[in-house]
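Topology and contacts: notes
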Amino acid sequence: FQQSICDVNTFNHGAIFLPAKYKVPYFLSIFTTEYISILPLQIHAVFIALFASLIAPFGGFLASGIKRAFNKKDFDSIFPGHGGFMDRVDCQLLMCAFVYIYVTTFVKKELSPIETLEYQILQLEEEQRKHLLSRFL
């Protein structure tokens, strides 16, 4: 089972999992210090949770609007045998779309070719790095 364990020392998790220092807004600074140190992941989690609790429940209304546009009483006529299921996961479909767009827009950082090459070289064993270096010298 050792192969399935993620070694946090060798795997590049990204800056999203590293604590960052943020300046607290003035109106909140009377309750706490001027700066707080939190993970960027926690900030993203707050936005996703806000969407999940305030907007996603209205996915049912969106699905109802789609059904009315196609003059369908139930999703059972669109997806035979799955009407009840589809009527229950409409807010999850909206949530999946939001999380995908949010992550690809705000969270996922594309690495430059130099950063990618550096990361790949650092994944090599010591002997492999020496061999690679000797080929360029």
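The following refers to the structure shown. (Residues numbered from 1 in each chain as written. Predicted model: local features only at pLDDT ≥ 70, side-chain atom pairs only at ≥ 80, totals over all residues. Heavy atoms only, no water.)

1. Considering the overall build of the protein chain
Along the backbone of the protein chain there are 6 helices and 2 strands. From first element to last, N terminus to C terminus, the protein chain shows the α and β order β-β-α-α-α-α-α-α. Per-residue burial for the protein chain yields a buried fraction of 12% across its 137 residues. Within the protein chain, counting contacts between residues at least 6 apart in sequence, those at least 24 apart form 40% of the total. Only carbon and sulfur atoms are counted for the fraction: they give 67% of the accessible area of the protein chain, which is about 11,500 Å². (Helix = DSSP H or I, 4+ residues; strand = E, 2+ residues; numbered from the N terminus. Buried < 20%, exposed > 50% of the residue type's maximum accessible area, 1.4 Å probe, protein only. Contact = heavy atoms within 4.5 Å. Areas by Shrake-Rupley, 256 points an atom, 1.4 Å probe, with all protein chains shown as cover.)

2. A word on helix α4 (residues 90–107)
Spanning 18 residues, α4 covers 25 Å between terminal C-alpha atoms, matching the ideal 26 Å at 1.5 Å per step. Listed in full, the buried residues belonging to α4 are Asp90, Met95 and Tyr102. Angular distribution of buried residues about the axis of α4 spans 130°; they occupy a single face of the element. Within α4, the exposed residues directed more than 90 degrees away from the buried face are Cys96 and Tyr100. (Expected span 1.5 Å × (residues − 1). Arc of directions from axis to C-beta.)

3. Description of the environment of Glu115
When you line up the elements, Glu115 lands in helix α5 (residues 113–122). Separated by 2.9 Å, the side chain of Glu115 and the backbone nitrogen of Ser112 make a polar contact. (Polar contact = N/O pair within 3.5 Å; in protein donor to acceptor, adjacent residues only side chain to side chain.)

4. Things to note about the packing of helix α2 (residues 59–69) against α4
Across the interface, α2 lies against α4 with an axial gap of 7 Å and an inter-helix angle of 105°. Relative to α4, α2 is oriented roughly perpendicular. Where α2 abuts α4, its residues Gly59, Gly60, Leu62 and Ala63 lie against Asp90, Cys91 and Leu94. Among the residues making up the contact of α2 with α4, the classes are represented as 4 nonpolar, 2 polar and 1 charged. (Axes fitted to C-alpha atoms, helices over the stretch in contact; angles between N-to-C directions. Parallel < 35°, antiparallel > 145°, perpendicular 65-115°, else oblique. Nonpolar A, V, L, I, M, F, W, Y, C, P; charged D, E, K, R; others polar.)

5. Overview of the packing of helix α1 (residues 40–54) against α4
Across the interface, α1 lies against α4 with an axial gap of 11 Å and an inter-helix angle of 155°. Considering their axes alone, α1 and α4 lie roughly antiparallel with respect to each other. Of the two elements, α1 crosses α4, and the hand of that crossing is right-handed. Across the interface between the two elements, His44, Phe47, Ile48, Phe51 and Ala52 from α1 touch Leu94, Met95, Phe98, Val99, Tyr102, Phe106 and Val107 from α4. (Left-handed = near helix turned anticlockwise from the far one by under 90°.)

6. Overview of α2
Taken together, the buried positions of α2 are occupied by Gly59, Ala63 and Lys67. Down the axis, α2 shows its buried residues gathered within 80° of arc, on one side only. Of the residues in α2, the exposed ones pointing more than 90 degrees away from the buried face are Phe61, Arg68 and Ala69. Trailing α2 by a residue or two, Asn71 shows a phi angle of about 50°, which is positive.

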